[in-house]
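Here are the chains, one letter per residue:
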Amino acid sequence: MLNALTVDVEDYFQVTAFEGVVDRDDWPVYPSRVENNTHRVMDLLDEHCLKGTFFVLGWVAERFPMLVREISDAGHEVACHGFGHELVYNLGPDAFRKDLRLAKATLEDITGRQVLGYRAPSYSITDNSLWALDILIEEGFRYDSSIFPIFHDNYGIPGAERFPHDIRRENGTIREFPLTTMNLALPGKTLALPIAGGGYLRLLPTNIIHWGMRRINQVDGQPAVLYFHPWEIDPDQPRIKARLKSRFRHYLNLDQTEDKLRLLFKGLTFGTMAEVLGMSAVPVEQGCAARNGVRP
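So, how was this worked out
- Every chain begins its residue count from 1, and numbering advances along the sequence as written.
- In view of the model being predicted, local features appear only for residues whose pLDDT reaches at least 70, and side-chain atom pairs are presented and counted only at 80 or more, with totals across whole chains, interfaces and linings using the full set of residues.
- Water and hydrogen atoms play no part in the side-chain values, which are based on all heavy atoms of the structure.
- Secondary structure follows DSSP: runs of H or I at least 4 residues long count as helices, runs of E at least 2 residues long count as strands, and numbering of each begins at the N terminus.
- Two things to know: the radius of gyration comes from C-alpha atoms, and the globule rule equals 2.2 Å times the number of residues to the power 0.38.
- Note on contacts: a residue pair qualifies if any of its non-hydrogen atoms lie within 4.5 Å across the two residues.
- Per-residue and other accessible areas follow the Shrake-Rupley method at a 1.4 Å probe size, with only the shown protein chains counted as cover for residues.
- His residues and chain termini do not enter the charge count, which takes Lys and Arg as positive and Asp and Glu as negative.
- The location of each charge is read from NZ of Lys, CZ of Arg, CG of Asp or CD of Glu.
- Throughout this description, a polar contact denotes any pair of N or O atoms lying within 3.5 Å of each other; where both atoms belong to protein, one of them has to be capable of donating a hydrogen while the other can accept it, and for residues adjacent in sequence the pair is counted only when both atoms sit in side chains.
- Residue exposure (1.4 Å probe, protein chains only): buried if accessible area is under 20% of the type maximum, exposed if over 50%, otherwise partly exposed.
- We define a salt bridge as a contact between a side-chain nitrogen of Lys or Arg and a carboxyl oxygen of Asp or Glu at a distance within 4 Å.
- Here a pair means two rings of Phe, Tyr or Trp (six-membered ring of Trp) with centres within 6.5 Å. Their orientation is stacked below 30 degrees between planes, edge-to-face above 60, and tilted elsewhere.
- Each pair of strands is called paired provided DSSP finds at least two bridges between the two strands.

**Q** Looking at this structure, I do not really get the overall build of the protein. What am I missing?
**A** A tally of helices and strands in the protein yields 12 helices and 11 strands. In terms of overall dimensions, the protein is globule-like: its C-alpha atoms have a radius of gyration of 18 Å, near the 19 Å expected for 296 residues. With the C-alpha coordinates of the protein rotated into their principal frame, the extents come out at 60 × 45 × 35 Å. A separation of at least 24 residues holds for 75% of the contacts in the protein among residues at least 6 apart in sequence. Counting every atom, the protein has about 12800 Å² of accessible surface; 50% of that belongs to carbon and sulfur. Between the averaged position of the 32 positive side-chain charges in the protein and that of its 39 negative side-chain charges there is a distance of 4 Å.

Next up, the structure:
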């Protein structure tokens, strides 16, 4: 069964874990590593003849348009990760729509292709921000991959549907591809173990993630989703002084990520998220963002 391979394209200093110590206004001061790291990711996928979905941050796309064009020209899907990596539930509806429009227009102007999918920074569509789904529908997105059916201090909707499904709202319907979890039966309860990737990929043994995704394919008859960030294959990135929990989450086992990915790529079948969902993008008219007054 085909599983969705996804890459959240952002730089190491833009992550939520460092929000309290890295000022957004200082982002341009930090030495960027996203371009080289994303090229490394593309080389890794080429090595295994894989195509994936790259959820690109608008801030990155604006500064590295050639990188986004290279991703698209290589046959990967370009999708939206918002513009400024701000948590959806902190933005509110108006600011979220503005952020979303700018990011989507930036990506479509660069690639000339319709952007179908969205993933919220740090999976920040929660019970407190489900209104974001209405805005995604209104702005023309066909699928979302932001809901994580787990307990977490920054994100998650515990008990949410685990597999791709339609979410119907008053203004339309959007396809949701949740982040993958595996149900573990414990005495008196069921635990949703996150096996979708990212920090969980770096924390858990690879064979557990492989076994869980294979079981979802074979027993549940459903696709899984794997995600990671370009900075997660970069153990030599600059160290940022932050709280112990933040440093643990960000720096844990960075030197193991690439090897773990190689093992998963050899044992499972992957493609783009749009491909798994049976969707395809169409060309868009170039320059629409500037004419529509989206850019400041």
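**Q** I keep staring at the side chain of Thr180 and nothing clicks. Help me out?
**A** By secondary structure assignment, the location of Thr180 is in the loop between strand S7 (172–176) and strand S8 (181–186). Of the polar contacts made by the side chain of Thr180, one reaches the backbone nitrogen of Val225; its length is 2.8 Å.

**Q** Can you help me understand the environment of Arg169 in this one?
**A** Topologically, Arg169 is positioned in strand S6 (residues 165–169). For Arg169, a relative accessible area of 28% translates into the label partly exposed. Along the primary structure Arg169 and Thr38 are separated by 131 residues, whereas in three dimensions their C-alpha atoms are 35 Å apart. Here Arg169 is in contact with Leu130, Trp131, Leu133, Asp134 and Ile137, once residues within four sequence places are set aside.

**Q** Before we go on, may I ask you to explain the environment of Arg214 in this structure?
**A** Along the chain, Arg214 turns up in helix H8 (residues 206–220). For the pair formed by Arg214 and Phe248, sequence separation is 34 residues and the distance between their alpha carbons is 28 Å.

**Q** Sorry, what's going on with the pattern of salt bridges here?
**A** Two side chains that carry opposite charge are able to pair once their charged atoms sit near each other. The full count for this structure, using the stated rule, is 16 salt bridges. Note that Glu258 is salt-bridged to Arg40, the shortest N-O span being 2.9 Å. Of this pair, Glu258 sits in helix H10 (residues 257–267) while Arg40 sits in helix H1 (residues 34–47), placing them 218 residues apart in sequence. Between Glu108 and Lys104 there is a salt bridge, with its nearest N and O atoms 3.0 Å apart. Residue Glu108 and its partner Lys104 are both found in helix H5 (residues 93–111); the two are separated by 4 residues, about one turn of the helix. On the basis of relative accessible area, Glu108 is assigned to the buried category, the value being 7%.

**Q** What is the right way to read unusual backbone geometry from this model?
**A** A negative phi angle is the norm for most residues apart from glycine, just as the trans form is the norm for most peptide bonds. Here the phi dihedral of Cys49 falls at roughly 55°; this positive angle occurs in a residue that is not glycine. With respect to the helices and strands, Cys49 occurs in the loop between H1 and strand S2 (53–56). You will see that His85, though not glycine, has its phi angle at about 55°, which is positive. Along the chain, the position of His85 falls in the loop between strand S3 (77–80) and helix H4 (88–91).

**Q** Got a minute to help me understand the packing of aromatic side chains in this structure?
**A** A ring pair, where both rings are aromatic, is described by two values, the distance of the centres and the angle of the planes. Scanning the model with the defined rule gives 15 aromatic pairs in all. Summarising the aromatic geometry, the rings of Phe13 and Tyr30 are spaced 5.3 Å apart at their centres and angled 25° between planes, so their arrangement reads as stacked. Of this pair, Phe13 sits in the loop between strand S1 (2–9) and H1 while Tyr30 sits in the loop between S1 and H1, placing them 17 residues apart in sequence. Accessibility expressed as a relative area gives 1% for Phe13, which makes it buried. Residue classification places Tyr30 among the partly exposed positions, given a relative accessible area of 26%. Judged by centre distance (6.0 Å) and plane angle (70°), the rings of Tyr118 and Phe141 are edge-to-face. Of this pair, Tyr118 sits in strand S4 (residues 117–118) while Phe141 sits in the loop between helix H6 (131–138) and strand S5 (143–144); the two residues are 23 residues apart in sequence, bridging distant segments of the chain. Accessibility assignment for this pair places Tyr118 and Phe141 in one class, buried. Members of the aromatic cluster, joined through ring pairs, are Tyr12, Phe13, Trp27, Tyr30 and Trp59.

**Q** Which parts of the structure should I look at to understand the pairing of S8?
**A** As defined by bridge partners, S8 adjoins strand S9 (residues 189–194) across 6 bridges and the pair is classed as antiparallel. Note that in S9 the partner of Asn183 across the bridge is Ala192. Joining the antiparallel neighbours S8 and S9 is a turn of 2 residues, in which Gly188 adopts a positive phi near 85°.

**Q** Got a minute to help me understand the environment of Leu130 in this structure?
**A** Within the fold, Leu130 resides in the loop between S4 and H6. Classification of Leu130 by relative accessible area gives partly exposed; the value is 26%. Separated by 15 residues in sequence, Leu130 and Ser145 have C-alpha atoms that sit 13 Å apart.

**Q** What is the right way to look at H10 in this model?
**A** Residues separated by three or four positions in an α-helix point in the same direction, a consequence of the helix having 3.6 residues per turn. Along H10, the residues that are buried comprise Thr257, Lys260, Leu261, Leu264, Phe265 and Gly267. Considering only its buried residues, H10 is in contact with S1, H1, helix H7 (199–203), H8, strand S10 (225–228) and strand S11 (269–271).

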